[in-house]
Amino acid sequence: MEELLNLNYAHLFETELLKEISEAGILKEAKEGEMLMDIGQYITAMPLLISGAIKILREDQNGDELLLYFLEKGDTCALTLSFTRGQRKSEIRAIAELHTVLVMIPIQKMEEWSSKYKSWRNFIFDSYQNRLEEMLDTLDSIAFMRMDERLLKYLRDKQNLTQLDEIHSTHQDIAYEMHTSRVVISRLLKKLELEGKLKINRNKIELLDLN
């Protein structure tokens, strides 16, 4: 694990901190689609991503989901710290979008390292800022973009995340993450297909030209 941390975080953290992370952290692998944290759970650890990607979702009263943002290599979810104060339960769901390797850091180490290492403190502050900006971007897309524009943005984000020209998701999967209905997504995907931007296959969407 120490070698993986050095490869991915040596540009951010000093040697002493990397050593402490390797001693306190737990290396974990998650398969695509595996749930890493669910709504209602108590949070005991914070992830440091080595590879892969995790999607963070919010759920409404009816059980419908909304995709908030993705975590990628080199990221963490500092927002999980807000749920550790006062033993609050998590209000977000984390699912591996790709096969993911991560290091789980015990929550009790967070404040210790924040006071001990400036690099860690800056990393956490930057994570808060990045996650806030991503959530504001999500809110902006809901408030100010048409649904077809939101769908195009969603597809581009997926393409950039996976570096693939195929999305292995059903229309229902996309509808859940965009907090809309399958009928709406199917109609818009068909429209985009007629425009030559993609090709619809069974449980797979081939991305052709999303510009």
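Residues numbered from 1 in each chain as written. Predicted model: local features only at pLDDT ≥ 70, side-chain atom pairs only at ≥ 80, totals over all residues. Heavy atoms only, no water.

For the protein chain, the name recorded in an unreviewed UniProt entry is CRP/FNR family transcriptional regulator, with Leeuwenhoekiella polynyae as its organism.

Q: Quick one: what's the story with the nonpolar core, residue by residue and with numbers?
A: Judged by nonpolar contacts, the single largest core of 35 residues is most densely connected at Y9, F13, I21, L48, I56, W113 and W120. Counting residues per element, the ones that place at least two in this core are α1 (2–9), α2 (15–24), β3 (45–51), β4 (53–59), β5 (65–72), β7 (100–106), α3 (108–116) and α4 (118–144). In this structure, F13 is in contact with L18, I21, S119, W120 and F123, ignoring residues within four places of it in sequence. In terms of nonpolar packing, the next biggest core, distinct from the first, is built from 22 residues, I95, I167, A175 and L192 among them. (Core = buried A, V, L, I, M, F, W, Y, C linked by side-chain atoms within 4.5 Å. Buried < 20%, exposed > 50% of the residue type's maximum accessible area, 1.4 Å probe, protein only. Helix = DSSP H or I, 4+ residues; strand = E, 2+ residues; numbered from the N terminus. Contact = heavy atoms within 4.5 Å.)

Q: Tell me about a nonpolar patch on the surface, and name the residues and values.
A: Together, L4, L7 and L27 line one region of the surface with nonpolar side chains, adding up to about 270 Å² of accessible area. With respect to the secondary-structure elements, L4 resides in helix α1. Relative accessible area serves as the criterion here: at 30%, L4 is assigned to the partly exposed category. (Patch = residues over 30% accessible without salt bridge, like charges linked within 9 Å, V, L, I, M, F, W, Y side chains within 5 Å. Areas by Shrake-Rupley, 256 points an atom, 1.4 Å probe, with all protein chains shown as cover. Salt bridge = Lys/Arg side-chain N within 4 Å of Asp/Glu carboxyl O.)

Q: Any chance you could break down the packing of aromatic side chains for me, citing the residues and the numbers?
A: Following the criterion strictly, the structure yields six aromatic pairs and no others. Look at F13 and W120: their rings are 5.5 Å apart centre to centre, the planes differ by 45 degrees, and that puts the pair in the tilted class. Taken together, the residues F13 in the loop between α1 and α2 and W120 in helix α4 connect sequence positions 107 residues apart. Taken together through their ring pairs, the aromatic side chains of Y9, F13, W113, W120 and F123 make up a single cluster. (Phe/Tyr/Trp six-rings, centres within 6.5 Å; stacked < 30°, edge-to-face > 60°.)

Q: Now, about the pattern of salt bridges: what can you tell me, with residues and values included?
A: Taken as a whole, this structure holds 21 salt bridges when the rule is applied. Across the pair K19 and E23 runs a salt bridge, and its minimum N-O distance is 2.5 Å. Placement of both K19 and E23 in helix α2 is noted, with a separation of four residues, approximately one turn of the helix. The class of E23 is exposed, set by a relative accessible area of 55%.

Q: Now, about the packing of α2 against α3: what can you tell me, with residues and values included?
A: The angle between the axes and the distance between the axes are what describe a pair of packed helices. Where α2 meets α3, the axes come as close as 12 Å, and the angle between the chain directions of the two elements is 170 degrees. With respect to α3, the element α2 is oriented roughly antiparallel. Between α2 and α3, the contacting residues are L17, E20, I21 and A24 on the first element and K109, E112, W113 and K116 on the second. Split by residue class, the contact of α2 with α3 holds four nonpolar, no polar and four charged. (Axes fitted to C-alpha atoms, helices over the stretch in contact; angles between N-to-C directions. Parallel < 35°, antiparallel > 145°, perpendicular 65-115°, else oblique. Nonpolar A, V, L, I, M, F, W, Y, C, P; charged D, E, K, R; others polar.)

Q: Tell me what's going on with the confidence of the model for the protein chain, and back it up with residues and numbers.
A: Mean pLDDT over the protein chain works out to 91, with 97% of the residues at or above the 70 mark. Element-level mean pLDDT values for the protein chain span from 90 in α3 up to 97 in strand β1 (residues 26–30). (pLDDT = per-residue confidence, 0-100.)

Q: So, the pairing of β3: which residues are in play, and what are the values?
A: With respect to burial, β3 is a largely interior element, six of its seven residues being buried. With six bridges joining them, β3 and β7 adopt antiparallel strand pairing. By the bridge assignment for β7, M46 is matched with I105. (Pairing = 2+ DSSP bridges.)

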